[in-house]
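One-letter residues, chain by chain:
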Amino acid sequence: MLIYDGAVNPLQPYRLYMKKLQILCNGQPQEVASGTTLARLLEDLTLPADSVVAEINKKIIDRDQYATLKLAQGDQVELIRFVGGG
Amino acid sequence: MLRVNERDYPFTEGMRLGELADRLKPGADMLVLNGAPASRDSLLQDGDICSLIKTGEIPSALDMQHTLTARHGRGVQRRFKQATVGIMGIGGLGSAVVLSLAKIGIGRLIIADHDVVVLSNIHRQHYFIDQIGMKKTVALKKTLVRVNPFVSITALDIKLTEKNIPKLFGDVDVLVECFDDPAMKAKALRTALQHLPTTGYIGASGVAGYGDANTITCRKIRDRVFLVGDGASDAQDSSGLFAPRVGVAAHHQANQVVRLILDLNEDE
């Protein structure tokens, strides 16, 4: 979500700022831009989406939801990443 | 009362193991007393458990179970015999896991893979040169029959998917993920967590190379769900896969199968 916050930078009063969200990712506090999808989070973490099992607030997320599921304030994200070999 | 090859036999004061063998199994050359090998002149005591074995003889199912019981203990072996374990993928990890579980007498094993044995498998997977070109399910089943003919083997020559995993492995006590492909590893765990919530699960990630074997651990990630490996060593990297380190991981997995069957649901 884009919000106008003229107070943040008086030199650029019309600049639109991305609202930030605080999430917990594998127990670590992390800040992401509002509207960040699960797929985008994985990209930022350089994790290949196909090799990751994701759980948000104790619910396992289907692979086909990664691209559309937007993170919300306070989400508890658990990521399990697999590497190849067997 | 004595227990001899799983049958009760009256105890007499002063009786020795060799006399018992001569009476009940002439030609027996391996005598086991309360779980340990013993000599012919071992003096028997009331309540002793004896196994009398003739080496080279193909044992009956009952003899096999008697022997395993003498080695593992009665309570443990009963639970092994009643257990069903599913193994997804029978390559480097899976073939070693399955062999280990057949050896200890797990009652039923469901193995699934759709690959064929090729020369490049032999360096780390439990197949033989004369099995190159055979379906892995067929080849491994032939080996398992030689290891323990009394384990029920269901061999599925099938490509596993998120859809068919819950159906094929719906009634197993423990499911072991032994895939090579990281996307399949993720799919399998996802579907197990969603659709098989009470099934024990042991996955693997990070088994490549020849780094310190002590960095391979078995980590509990959920109730009855474990991950084996160092979490990082990728087979795509130049180091590749090596029989010793893959074997360490496989036997971590097999050991955790045992622990889940025995309701030891902790990683300590």
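Since this is a predicted model, take the numbers as computed values, not measurements.

Engineer: If you had to explain the overall build of chain A to someone new, which residues and values would you point to?
Structural biologist: The secondary structure content of chain A amounts to 1 helix and 7 strands. In chain A, the order of α-helices and β-strands from amino to carboxyl end is β-β-β-β-α-β-β-β. Here chain A holds 86 residues, and the buried ones make up 38% of them. Restricting to contacts in chain A with at least 6 residues of sequence separation, those with at least 24 account for 48%. Carbon and sulfur atoms form 53% of the exposed surface of chain A, whose accessible area is close to 5100 Å².

Engineer: Describe empty space enclosed by the protein, and please don't skip the residues or the numbers.
Structural biologist: Empty space among the atoms can be located by rolling a probe the size of a water molecule over them. Residue and element names in this part refer to chain B. Enumeration according to the criterion identifies 2 cavities of 30 Å³ or more in this entry. Empty space within the largest cavity amounts to approximately 60 Å³. What lines the largest cavity is simply Ala 61, Met 64, Gln 65, Leu 68, Lys 81, Gly 105, Ile 106, Gly 107, Asn 148, Phe 150 and Val 151. Element by element, the count of residues in the lining of the largest cavity is highest for helix α2 (residues 61-72), at 4 residues. Here the lining of the largest cavity is built from residues that sort into 6 nonpolar, 4 polar and 1 charged. Going through the elements one at a time, β5 (49-53) and α2 are the ones with two or more residues in the lining of the second largest cavity.

Engineer: Describe in detail the sheet that holds strand β12 (residues 225-229) of chain B, supporting the description with residues and values.
Structural biologist: Residue and element names in this part refer to chain B. Read across the sheet, 7 strands follow the order β8-β7-β6-β9-β10-β12-β11 without closing on themselves; strand pairing throughout is mixed. Edge positions in the sheet fall to β8 (152-156) and β11 (217-222), since each of these pairs with one other strand and no more. Going from strand to strand, the sheet's axes swing by 20° on average, the running direction of each strand aside. The pairing of β11 with β12 spans 5 bridges and is antiparallel. The residue of β12 that forms the bridge with Thr 217 is Gly 229. Each of β6 (84-88), β9 (174-177), β10 (200-204), β11 and β12 is contacted by helix α7 (residues 182-195), which is oriented at about 165° to β10, the strand it contacts most.

Engineer: Tell me about the interface of chain B and chain A, residues and numbers included.
Structural biologist: Tallying the contact residues gives 28 residues for chain B and 18 residues for chain A. Where chain B packs against chain A, one counts 1 salt bridge. With its nearest N and O atoms 2.9 Å apart, the salt bridge here joins Glu 55 of chain A to Arg 222 of chain B. Here chain B and chain A share 11 residue pairs in polar contact (both at pLDDT 80 or more) between them. Tallying contributions element by element places α7 of chain B first for the side of chain B that touches chain A, with 8 residues. Per-class residue counts for the side of chain B that touches chain A are 15 nonpolar, 6 polar and 7 charged.

Engineer: An account of helix α5 (residues 136-147) of chain B is requested, with residue identities and associated values reported.
Structural biologist: Residues and elements named next belong to chain B. For α5, with 12 residues, the first-to-last C-alpha span of 16 Å sits near the 16 Å given by 1.5 Å per residue. Turning to α5, its buried residues are Lys 136, Thr 137, Ala 139, Leu 140, Thr 143 and Leu 144. Seen along its axis, α5 keeps its buried residues to an arc of 165°; they face one direction. On the buried face of α5, the contacting elements are α4 (92-103), β7 (108-112) and β8.

Engineer: A description of the pairing of β6 of chain B should follow, citing residues and the corresponding values.
Structural biologist: All names here are of chain B. The buried count for β6 comes to 5 of 5 residues, which makes it a mostly enclosed element. Burial along β6 is two-sided: the face carrying Thr 84, Gly 86 and Met 88 and the face carrying Val 85 and Ile 87 are both buried. Pairing analysis gives 5 bridges linking β6 to β7, with the strands arranged parallel. Opposite Met 88, over in β7, you have Ala 112 as the bridge partner. Viewed along the sheet, the connection from β6 through α4 into β7 turns out right-handed. Here 4 bridges tie β6 to β9, and the two strands are oriented parallel to one another. Bridging across to β9, Val 85 finds its partner in Val 174.

Engineer: Residue-level account of the environment of Ser 100 of chain B, with values.
Structural biologist: Residues and elements named next belong to chain B. When you line up the elements, Ser 100 lands in helix α4. Here Ser 100 falls in the buried class, since its relative accessible area comes to 19%. Distance from Ser 100 to Asn 255, taken between C-alpha atoms, is 8.9 Å for residues 155 residues apart in sequence. Every residue in contact with Ser 100, bar those within four places of it in the chain, is listed here: His 251 and Ala 254.

Engineer: Residue-level account of the pairing of strand β4 (residues 28-33) of chain A, with values.
Structural biologist: Residue and element names in this part refer to chain A. As paired elements, strand β3 (residues 20-25) and β4 share 6 bridges and run antiparallel to each other. Along β4, the bridge assignment pairs Cys 25 with Gln 28. Between the end of β3 and the start of β4, which pair antiparallel, lie 2 residues, with Asn 26 showing a positive phi angle near 50°.

Rules used in this analysis
- Residues numbered from 1 in each chain as written.
- Chains lettered and ligands numbered in written order.
- Predicted model: local features only at pLDDT ≥ 70, side-chain atom pairs only at ≥ 80, totals over all residues.
- Heavy atoms only, no water.
- Helix = DSSP H or I, 4+ residues; strand = E, 2+ residues; numbered from the N terminus.
- Buried < 20%, exposed > 50% of the residue type's maximum accessible area, 1.4 Å probe, protein only.
- Contact = heavy atoms within 4.5 Å.
- Areas by Shrake-Rupley, 256 points an atom, 1.4 Å probe, with all protein chains shown as cover.
- 1 Å grid on protein atoms, 1.4 Å probe; cavity = no way out; pocket = protein on both sides within 12 Å on 5 of 7 lines; lining within 4 Å.
- Points joined across faces, edges and corners; volume = space filled by probe spheres on them.
- Nonpolar A, V, L, I, M, F, W, Y, C, P; charged D, E, K, R; others polar.
- Pairing = 2+ DSSP bridges.
- Axes fitted to C-alpha atoms, helices over the stretch in contact; angles between N-to-C directions.
- Salt bridge = Lys/Arg side-chain N within 4 Å of Asp/Glu carboxyl O.
- Polar contact = N/O pair within 3.5 Å; in protein donor to acceptor, adjacent residues only side chain to side chain.
- Expected span 1.5 Å × (residues − 1).
- Arc of directions from axis to C-beta.
- Right-handed = clockwise from strand over helix to strand, strands pointing away.

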